[in-house]
Amino acid sequence: MHESKAYEPNVDIDSPNRNIAPISSEINESKKLVVGGCQLSELAKKYGTPLYVLDELSLRTACKTYISSLNKHYPGKSLPLFASKANSSLAICAVISSEGFGLDAVSEGELLTAINGGVKEKDIVFHGNNKSQDELNFAYSNNVTIVLDNYHDIELLKNIASDNKPAKLMLRFTPGIECHTHEYIRTGHLDSKFGFDPDELKSILEELKTYKWANLTGLHAHIGSQIFEVQPHIDLAGVMADALKLAKEIGHPVVDLNLGGGLGIKYVQEDNPPSIEKWVEIISKAVVNACRERNLDLPRLMCEPGRSLVANSGLTIYKIGAKKVVPGVRTYLSVDGGMSDNPRPITYQSLYSACLVDKPMNTNFEKVTIAGKHCESGDVLLKDFLLPSCESGDFLAVFGTGAYNYSMSSNYNRIPRPATIIVGKGLAELTQRRELPEDLLQLDVLPDRFIPKN
Ligand SMILES: *Cc1c(COP(=O)(O)O)cnc(C)c1O
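Residues numbered from 1 in each chain as written. Predicted model: local features only at pLDDT ≥ 70, side-chain atom pairs only at ≥ 80, totals over all residues. Heavy atoms only, no water.

We apply this condition: UniProt positions are given in the numbering used here, feature names are shortened, and annotations may be inferred rather than shown by experiment.
The name an unreviewed UniProt entry gives the protein chain is Diaminopimelate decarboxylase, with Prochlorococcus marinus as the organism. The annotation that UniProt attaches to the protein chain under Function (unreviewed entry) is "Specifically catalyzes the decarboxylation of meso-diaminopimelate (meso-DAP) to L-lysine." Here the protein chain is described in UniProt, under the heading Pathway (unreviewed entry), as follows: "Amino-acid biosynthesis; L-lysine biosynthesis via DAP pathway; L-lysine from DL-2,6-diaminopimelate: step 1/1."

Have a look at this one:
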């Protein structure tokens, strides 16, 4: 069983990924939970539930810490990119780009969001293991850097890229590094759908050299997500420096080395991820050492944090509804959302922490299971969790939902997606409006012959 305590104050305000709650969280005089200067129960009443809340201070602090740590520990140039699949919205793109971040995208939708959110095209990197011709056309015509993942990308690019406007490219390869994380979110070992196999590296680099339309400026690898160990990234720096050396020998103007993302975050008390600064220091030193050993000029260092940038800025407020006691087995408390707004527990058995927003310090715990409202027995957000006793109508905050929640949400059971608001300095602003049941009908088309006559 995974136990909760009452709400605990944050421990590391420079590294939001090391705290369960957003760093601006506090308890006010009436002993209620406040984030970004806004009392959460008031937000819930005003905007409805479920409600995604994003703390601007946590998001900006995570960005600033990545940037200042790169400046402090990496002597060459650097550019951190936000892995926008973690949470893609105009508002988040605007915030991260104002902090000096670039962005990586994996679809035309994410590219469009980034460009409209104000991220500069030259600071956008386009990934994907099965990019469509349309997506590549869009990326190429917008001067976005395209990450070659396989030969199919090259075939499709040949249809559009011209010698007088070469495509700016990076090459992704599978570095063959194992790390201990969930099987679905490991991408660096050899049996992965992503990137070129290391054995193909030399021949693909030689082939690319013969194409005038191809301007290869960087190399990329990503080893996985929610990683707490640092050794895999140290190993990665060595593998990538070897590839960098090879690409330079073959004559490519390679200046960017992109080590991907993967830094873990604290979802529950037992989680103890490295701080952002520690992680940056380790990858910086590893790249510096690996380049020095091989007599290489320092590349521009890129990394692609997703989760560690946004997860702990976010929380979701739900309203507690039905209670079901199965005597001697468990007590279910059902909330007004679940797997459609947070598919991680049912997909990865992910753990979360939660508290009652208006009774964060109460300690009269009961063991409960927080169930979602979807028609799926596995739709459980927190299993066997200690929560102060509560009643129907109380609001519950689930922490750490700023990454891979909205972006992985669905309309299962035709449940509309929640709204998102950003909070800071007492101000709460809508950044994504709540879907309405009517919105869900907008894409449906009823052929005339199905319309009942009379
Ligand atoms: C998912 C992913 C990231 C971000 O990973 P996090 O664990 O969220 O930091 C970065 N780069 C690539 C290529 C990815 O697929």
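There's plenty left to go through after this.
### Some details on the UniProt feature "binding site: pyridoxal 5'-phosphate" (unreviewed entry) in the protein chain
Quick note on the threshold: In DSSP terms, a helix is any run of H or I states spanning at least four residues, a strand is any run of E spanning at least two, and both are numbered starting from the N terminus. Each residue's exposure class comes from its accessible area (1.4 Å probe, protein chains only) as a fraction of the maximum for that residue type: buried when under 20%, exposed when over 50%, partly exposed otherwise. Should any heavy atoms of two residues lie within 4.5 Å, those residues are counted as being in contact.
In the numbering used here, UniProt assigns the feature "binding site: pyridoxal 5'-phosphate" (unreviewed entry) to Gly262, Glu304, Pro305, Gly306, Arg307 and Tyr404. Here Gly262 shows up in the loop between strand E11 (256-258) and helix H9 (276-293). Gly262 gets classed as buried once you look at its relative accessible area, which sits at 10%. Setting aside its immediate chain neighbours within four residues, Gly262 contacts His222, Gly224, Ser225, Gln226 and Ile227. Topologically, Tyr404 is positioned in the loop between strand E18 (395-399) and strand E19 (419-424). Here Tyr404 is in contact with Lys85, Ala86, Ser225, Arg307, Pro343 and Arg344, once residues within four sequence places are set aside.

### Quick look at a nonpolar patch on the surface
The criterion, for reference: Patch membership requires more than 30% relative accessible area and the absence of a salt bridge. Residues of like charge join within 9 Å; the nonpolar side chains Val, Leu, Ile, Met, Phe, Trp and Tyr join within 5 Å. Computed with the Shrake-Rupley method and a 1.4 Å probe, the accessible areas treat only the protein chains shown as cover for residues. Take a side-chain nitrogen of Lys or Arg and a carboxyl oxygen of Asp or Glu: if they are within 4 Å of each other, that pair is a salt bridge.
Taken together, the side chains of Leu446, Phe450 and Ile451 present a nonpolar region at the surface, about 290 Å² in accessible area. Its location among the elements puts Ile451 in the segment after helix H12 (437-441). For Ile451, a relative accessible area of 38% corresponds to the partly exposed category.

### Observations concerning helix H4 (residues 108-116)
Each full turn of the α-helix corresponds to 3.6 residues, which orients residues three or four apart in the same direction. Let me state the cut-off plainly: This arc is built from the directions going out from the helix axis to the C-beta atoms.
Regarding H4, the residues found buried are Glu110, Leu111, Thr113 and Ala114. The buried side chains of H4 occupy one side of the element, clustering within an arc of 165° when seen end-on. Looking at the packing, one finds that the buried side of H4 touches helix H3 (90-98), strand E6 (102-105), strand E7 (124-126) and helix H5 (133-141). The positive-phi residue at the C-terminal boundary of H4 is Gly118, with phi of around 95°.

### Some remarks on the domain arrangement of the protein chain
Note the threshold: What marks off one domain from the next here is an automatic or database domain assignment. Throughout, the accessible surface (probe 1.4 Å) given up by two parts as they are put together, summed over both, is called the buried area. Under the convention adopted here, Pro, Cys and the residues Ala, Val, Leu, Ile, Met, Phe, Trp and Tyr are nonpolar, Asp, Glu, Lys and Arg are charged, and Gly plus all remaining residues are polar.
Here the protein chain is described as being made up of domain 1 (16-55 + 312-441) and domain 2 (57-310). Distance between the C-alpha centres of domain 1 and domain 2: 32 Å. Tallying the contact residues gives 29 residues for domain 1 and 33 residues for domain 2. Around 2,600 Å² of area is buried between domain 1 and domain 2 when both sides are counted, 56% of it from carbon and sulfur atoms. Looking at the side of domain 1 facing domain 2, the largest losses of area belong to Asn17, Arg18 and Tyr404, adding up to 26% of the total buried there. At the surface where domain 1 touches domain 2, the tally comes to zero salt bridges. Here the side of domain 1 that touches domain 2 gets three residues from one element, more than from any other, and that element is helix H11 (residues 344-348). Residues that form the side of domain 1 that touches domain 2 fall into these classes: 12 nonpolar, 14 polar and three charged.

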